[in-house]
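# A structural walkthrough
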Amino acid sequence: MPIHHQVSPRSLRHPKFTALIKRSVARTPICFASRSLASATSAPPVSTISRNHKIVIVGGGSAGITVTNQLLRTGRFFPKDIALVDPAAWHHYQPGWTLVGGGLKNKTDMRRSLPDMVDSRVRLYSDSVREFKPEMNTIALSDRGEIGYEHLIVCPGIKVDFDSIPGLHDALVDPQAPVSSIYSYDTCDKTAHLIAGFKKGNAIFTHPTGTVKCAGAPQKIMWMALDRWKRSGLYNPDSPSSSPIQIVYATGMSVMFGVPKYSKVLEELRQKRGVQSLFQHDLVAIEGNTALLAMADGGTVVRRHFDLLHAVPKMGPHDFVKNSTLADDAGFVEVYPDTLQHKRFSNIWSCGDAAGLPTSKTAAAITIQAPVIVSNVLSCIQGREITSTYNGYTSCPLITEHGKVMLAEFVYGGEPHETFGRFVDQAKPNRVFYRMKKDFFPWVYFAAMIKGRWAGPRGWKM
Ligand code: UQ1
């Protein structure tokens, strides 16, 4: 039953927001806030809208919670001006799942109750989105009717599709099957158990073709496993064929990593450590202990026996985004890569994994994207020109062995953009970056980033 609780945005509206709207003719796309404000309050029939908000945020993951709390910290919003839509019971620190798979963290420490995390000034709809109605400035929720907005920030993440590979789901849930994945809360700890208990045979680690969140994670887990087996005498990098364990990296890509500077070092590591590569081999099915890998030529499917398989499923936009008018051709939210404003609806924004941005999808990217959206949305509301831009920054702290991390950081175009580049070569794995990845980032994430007080390489936000 929809609750007909009518918030009156007009009576709550802060004088700052009602300031006269200046139309700018600058080169930067501006938000026609006056039009969206008017339509948000007058266009849809009142009876269909039970609740109106100044800002609605879809998704309570890293992007959604960070943006929400940065907005609150501006001090410019009244209670319930901001609403968050997410049906999830839990908020996960997903970069932590790699650490769980490597046996370094407990998975329950990598999550928090989502409803408990949401500030009491924010209206939480524990519901999913049925439909975006951008012409009406509303969204239809699955169970609770429609809600209206003046600005909509779309950050529901992407779907990690465990059904994309036949045989994968069943193998993951079967405790006897030696198949696991760090790409879900439910299976990341199975990875740690399998690696710890593995004594002999063929271990295959896969990386799919197409979109991957944190594209370094599929090999981080391999490097951690290799290091563990090496230390326990089960794997000799100098003589893999005579070792009890053999390691194969099967990737849909033609290189180890998308940025040449880091890829070169990782390829050297792969060769030095005796890891067999299957480049342009995409895991398409699992049959018992056989992995079926499709080659990039489109026709050939290679069958490989495994005794341990770490599988990474296909990923892509959620259906409610892909099938909406907000989507680009690939199904992601179609925003300008610099301002993060929607290309067709000026009061819609997107960041995080769901945004159609030509850069790698990571939590680190959100540290730079979130302040851009917050600044631009505020400018819009105040009728000012939007000036804040995102440079594509993203980062991958790539664990190459226990105790060492390569800190890949880059911007649009795959250009390295290194925070500590003046002091060290970040492509060379080191111990300080490992401490950051293992201890500092999980801590700063929960203590500051999602509270709106941490901007990654740009430091603290007071
Ligand atoms: C970061 O801010 C962050 O969030 C807390 C991470 O965790 C997911 C990261 O992995 C990285 C690399 C950053 C970026 C911060 C610096 C100081 C490079």
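Notes on the structure follow. What you are looking at is a predicted structure, and each value in this text was computed from that prediction instead of being measured.

### What to know about helix 9 (residues 217–231)
- With 15 residues, helix 9 ought to run about 21 Å at 1.5 Å a step, and its terminal C-alpha atoms sit 21 Å apart, in line with that.
- With 12 of its 15 residues buried, helix 9 lies for the most part within the structure.
- Positive phi appears at Gly233, one or two residues downstream of helix 9, with a value of about 75°.

### What to know about the pattern of salt bridges
- Using the criterion set out here, one finds 18 salt bridges in the structure.
- Between Asp119 and Arg121 there is a salt bridge whose closest N-O contact spans 2.9 Å.
- Judged by its relative accessible area of 22%, Asp119 falls in the partly exposed class.
- With its nearest N and O atoms 2.9 Å apart, the salt bridge here joins Arg231 to Asp227. Taken as a pair, Arg231 and Asp227 lie in helix 9 at a separation of four residues, close to a single helical turn.
- Overlapping salt bridges, with partners in common, bring together Lys105, Arg435, Lys438 and Asp439 in one network.

### Some words on the side chain of Gln369
- With respect to the element layout, Gln369 can be found in helix 12 (residues 363–381).
- Within polar-contact distance, the side chain of Gln369 engages the side chain of Tyr390 at 3.2 Å.
- Ignoring sequence-local partners within four residues, the contact set of Gln369 consists of Leu340, Cys351, Gly352, Leu357 and Tyr390.

### Digging into the packing of helix 4 (residues 62–73) against helix 12
- Relative orientation of the contacting elements helix 4 and helix 12 amounts to 45°, with a least axis distance of 9 Å. Between helix 4 and helix 12, the angle is such that the two are oblique. The two elements helix 4 and helix 12 cross, and the hand of that crossing is right-handed. Here helix 4 contributes Ser62, Ala63, Thr66, Val67, Gln70 and Leu71 to the contact with helix 12, which in turn contributes Ile366, Ala370, Pro371, Ile373 and Val374.

### Digging into the sheet that holds strand 22 (residues 415–416)
- The strand order 20-21-22 describes an open sheet built from three strands, whose pairing is antiparallel. Every interior strand has two partners, whereas the edge strands, strand 20 (394–401) and strand 22, have only one.
- Where strand 20 meets strand 21 (residues 404–411), seven bridges bridge the pair, whose relative direction is antiparallel. Across the sheet, Pro397 pairs through a bridge with Leu407, a residue of strand 21.
- Contacts from helix 13 (residues 431–447) reach strand 20 and strand 21 within the one sheet, and its direction differs from that of strand 21 by about 80°.

### Focus on the sheet that holds strand 10 (residues 179–180)
- Across the sheet, five strands lie side by side as 10-17-11-12-13; this open sheet has parallel pairing. In this open sheet, the two strands that pair with only one neighbour each are strand 10 and strand 13 (276–279).
- By the bridge criterion, seven bridges tie strand 11 (residues 201–207) to strand 12 (residues 245–251) in an arrangement that is parallel. Looking across to strand 12, one finds that Gly201 is bridged to Ile245.
- Strands in contact with helix 9 are strand 11, strand 12 and strand 17 (308–310); relative to strand 11, the strand with the most contacts, it is inclined by about 155°.

### Some remarks on the environment of Asn69
- For Asn69, the location among the structural elements is in helix 4.
- Given a relative accessible area of 12%, Asn69 falls into the buried group.
- Expressed as a C-alpha distance, the spacing of Asn69 and Gly452, which sit 383 residues apart in the sequence, is 4.9 Å.
- Look past the residues within four positions of Asn69 in its chain and what remains in contact with it is Asp119, Ile450, Lys451 and Gly452.

### Structural notes on the site of the ligand
- As a structural note, the neighbourhood of the ligand is formed by 16 residues, with Ser395, Pro397, Glu409, Trp454 and Gly456 the closest of them.
- Tyr93 has a polar side-chain atom sitting 3.5 Å from an oxygen atom of the ligand.
- Take Trp454: an N or O atom from its side chain is 2.9 Å from an oxygen atom of the ligand.
- The set of elements that each furnish at least two residues to the shell around the ligand consists of helix 12, strand 20 and helix 13.
- Per-class residue counts for the shell around the ligand are 11 nonpolar, four polar and one charged.

The rules we used
Residues numbered from 1 in each chain as written. Predicted model: local features only at pLDDT ≥ 70, side-chain atom pairs only at ≥ 80, totals over all residues. Heavy atoms only, no water. Helix = DSSP H or I, 4+ residues; strand = E, 2+ residues; numbered from the N terminus. Expected span 1.5 Å × (residues − 1). Buried < 20%, exposed > 50% of the residue type's maximum accessible area, 1.4 Å probe, protein only. Salt bridge = Lys/Arg side-chain N within 4 Å of Asp/Glu carboxyl O. Polar contact = N/O pair within 3.5 Å; in protein donor to acceptor, adjacent residues only side chain to side chain. Contact = heavy atoms within 4.5 Å. Axes fitted to C-alpha atoms, helices over the stretch in contact; angles between N-to-C directions. Parallel < 35°, antiparallel > 145°, perpendicular 65-115°, else oblique. Left-handed = near helix turned anticlockwise from the far one by under 90°. Pairing = 2+ DSSP bridges. Near = heavy atom within 4 Å. Nonpolar A, V, L, I, M, F, W, Y, C, P; charged D, E, K, R; others polar.

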